[in-house]
Amino acid sequence: MIGFIDQIDQLLSFAMCGIAGLYLKNPDLFSSLGKLFKPMLIEMTSRGPDSAGIAIYRNPVAAGNTKFSLAHDSTEYDWASLAKALDAELKGSSSITRIDTHALLISDGDESHVKHWLSNYDATVRLVGSGNSVEIYKETGLPEDVYARFNLEGAAGQHMIGHTRMATESAVTSAGSHPFATGADLCLVHNGSLSNHNRLREELKRKGVSFGSENDSEVAAAYLTWKLRQGIPLKQALEDALKDLDGFFTFCIGTSDGFAVVRDPIACKHAVMAETDDWVAMATEFRAIATLPGADTARIWEPKPATVYAWGNESVNAQMEAPIQSSVEAPSAGATH
Amino acid sequence: MNSLDLQTLGLRAINQKLQSLEAKTNEREWTITNPMGQHAIACGLTVPIEITVDGHAGFYCAGMNQEATVTINGHAGVGVAENMMSGLVRVKGNASQSAGATAHGGLLVIEGDASSRCGISMKGIDIVVGGSVGHMSGFMAQLGHMVICGDAGEALGDSIYEAKLYVAGSVESLGADCIEKEMTDDHMNTLAGLLEKAGINKDAHSFRRYGSARKLYNFDIDKADAY
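Keep in mind that what you see is a predicted model, and the values were worked out from it rather than measured.

Conventions we followed
Residues numbered from 1 in each chain as written. Chains lettered and ligands numbered in written order. Predicted model: local features only at pLDDT ≥ 70, side-chain atom pairs only at ≥ 80, totals over all residues. Helix = DSSP H or I, 4+ residues; strand = E, 2+ residues; numbered from the N terminus. Buried ≥ 20, exposed ≤ 12 C-beta atoms within 10 Å, placed from the backbone. Contact = placed C-beta atoms within 7 Å. Core = buried A, V, L, I, M, F, W, Y, C linked by C-beta atoms within 7 Å. Nonpolar A, V, L, I, M, F, W, Y, C, P; charged D, E, K, R; others polar. Pairing = 2+ DSSP bridges. Axes fitted to C-alpha atoms, helices over the stretch in contact; angles between N-to-C directions.

S.K.: Requested: an account of the overall build of chain A, with residues and values cited.
M.R.: When you go through chain A residue by residue, the secondary structure sums to nine helices and 16 strands. When burial is assessed residue by residue, chain A has 49% of its 337 residues classed as buried. Summarising the internal contacts of chain A: among those between residues at least 6 apart in sequence, 73% fall at separations of at least 24.

Structure below.
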């Protein structure tokens, strides 16, 4: 019976989940990022009404600091005590800000040390992202409501990626929602379903990678994390993923200053991209892009199967060719793929 | 000319209006503005009216069409003219995956490129693509013609039945049981007629024809190894 249900899940997955990404080229639009991205995410509600998640890149922290996105089931969680305990342990300095069920922790401690400490401090606290500028927010509920909970409409910045989820492979939980962090300032959203995620999860666990859910997309994120940890460039890691991941997928990977897109070798899942002088956007369907200014005259195309596309500033291209850097480069206009 | 603003009226109201028109209606020309990539625009039409979708359409535009002429002044999403029975659908831009899927009749003209699986399981429709098509086009195509003025992607005509495929450019690879076939004068005339009907100025002599080797779709015990 489980096999049958799995098959139904696979079939249903053809209609499930929506993703969207927006990268602004025109600095005049930076202050409107949250406003421009909102209708993109909401338009994807019919593809994924049960949860939503957003990664926004903004307010990079000072050198030597790391920004951690944390989440808890309760909106009343005592984050101040967590920060105090962290400072006592590391003899460092940190600040923490509550945003609904999430909190942003900025610490001058060593990133891996802080992560290790967090995993031991309280098992009910989830680390959902970390890096120099990335902030990840994800919750169950309608995308419109999730967007409002985290006050994203007024958000300024250069780029955001988002996901609307209709769960097929695991439970509807905040932990099972996208984006999934894949390393410093990197995160992944996935549209599709993976068929070899159980075996791959076991293999990655043996290599020391930890998991927070039974979600198949988290396995893809963990796979990339594992690759990047070895110093493999993002582009190579994505090309390796094309060989090692079995199933249907369109991935959008948020990087410190842009995003990358890759589809499975038969382009099973929908994806469309569009570009104007002012912005680059990708989405599961064009209707999510249609609300952007100038969308009707934008250059519009479908990303080719098994091809890695990347958009962003120069450091994104460096990231695509060299091991991941944790520093944030000064913005400079440019787009390549 | 009647104009319908999709953002103001909504999809359901527009489709209901168009679907309720009678064959003898005097309101024969309609323009749908602000399509904004919405799905199922101008679906299920049954009378010979002329619809212009002024912008980019989403999935399944002009699906199940009978008799109507639908022109999309932009790109079309997945499954444009899917299961069309008759009439004419013209996409001025590019079309996404599975254009003309399972369609029984009529003519689909895509002036730009079509993505993967164009004409999948086509059952009698004629499809003319001004540009190129993506991988797995003509998959399990049963009947009708697909004319590709540009190139064809991987696995063209995989598991094809009796549809006829004409390609002017290169073919990245042929799918299982799809082979190049002889182009007779009859084929040349049919092809020239389709190009003319589609309004695409291209010499029929520049095309090659592909179709079924007929080794897969009839079970033959002597060819069991091929299944």
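S.K.: Account for the nonpolar core, naming residues and giving values.
M.R.: Formed by 161 residues in total, the largest nonpolar core has its most connected members in Ala220 and Ile289 of chain A together with Ala42, Leu108 and Val147 of chain B. Ranked by residues supplied to this core, first place goes to helix α7 (residues 216-229) of chain A with seven residues.

S.K.: Residues and numbers for the interface of chain B and chain A, please.
M.R.: Listed per partner, the contact involves 13 residues of chain B and ten residues of chain A. Here the residues of the side of chain B that touches chain A sort into two nonpolar, eleven polar and no charged.

S.K.: So, the sheet that holds strand β11 (residues 247-255) of chain A: which residues are in play, and what are the values?
M.R.: Residue and element names in this part refer to chain A. On the basis of which strands lie adjacent, the open sheet formed by five strands has the order β9-β10-β11-β12-β16 and antiparallel pairing. Where the open sheet ends on each side, the last strands, each with one partner, are β9 (180-183) and β16 (309-312). Going from strand to strand, the sheet's axes swing by 25 degrees on average, the running direction of each strand aside. The sheet contact formed by strand β10 (residues 186-194) and β11 spans eight bridges and is antiparallel. Each residue of the ladder has a partner; that of asparagine 191, found in β11, is threonine 250.

S.K.: Explain the sheet that holds strand β8 (residues 159-165) of chain A residue by residue, including any values.
M.R.: Consider a sheet: its strands pair through backbone hydrogen bonds, and that pairing is either parallel or antiparallel. All names here are of chain A. Pairing within the open sheet is antiparallel, and its seven strands lie in the order β7-β2-β8-β1-β14-β13-β15. Edge positions in the sheet fall to β7 (134-140) and β15 (299-301), since each has one partner strand and no second. Strand-to-strand, the axes of this sheet are offset by a mean angle of 10 degrees, without reference to chain direction. In this sheet, strand β14 (residues 279-283) lies alongside strand β13 (residues 272-275) in antiparallel orientation, the contact comprising four bridges. Looking at β14, one finds that alanine 274 is bridged to alanine 281. Taken strand by strand, helix α2 (residues 33-43) contacts β1 (18-24), β2 (51-57), β8 and β14, and its axis lies near 155 degrees from that of β1.

S.K.: Can you lay out the pairing of strand β11 (residues 208-212) of chain B for me, pointing to particular residues and giving the numbers?
M.R.: Successive residues of a regular strand alternate their side chains across the two faces of the sheet. All names here are of chain B. Where strand β9 (residues 164-167) lies against β11, three bridges are found, and the strand directions are antiparallel. Pairing of leucine 165 across the sheet is with tyrosine 210, part of β11. Sheet topology note: the strand β10 (residues 178-181)/β11 ladder contains four bridges and is antiparallel. The partner of cysteine 178 across the bridge, within β11, is serine 212.

S.K.: Explain the environment of leucine 242 of chain A to me, and be specific about the residues and the numbers.
M.R.: Residue and element names in this part refer to chain A. Looking at the secondary structure, you find leucine 242 in helix α8 (residues 234-244). Accessibility expressed as a C-beta count within 10 Å gives 17 for leucine 242, which makes it partly exposed. In this structure, the C-alpha to C-alpha distance between leucine 242 and glycine 212, residues 30 residues apart in sequence, is 23 Å. Setting aside chain neighbours within four positions, we find leucine 242 in contact with Pro265 and Ala306.

Purely geometric numbers; function is a separate question.
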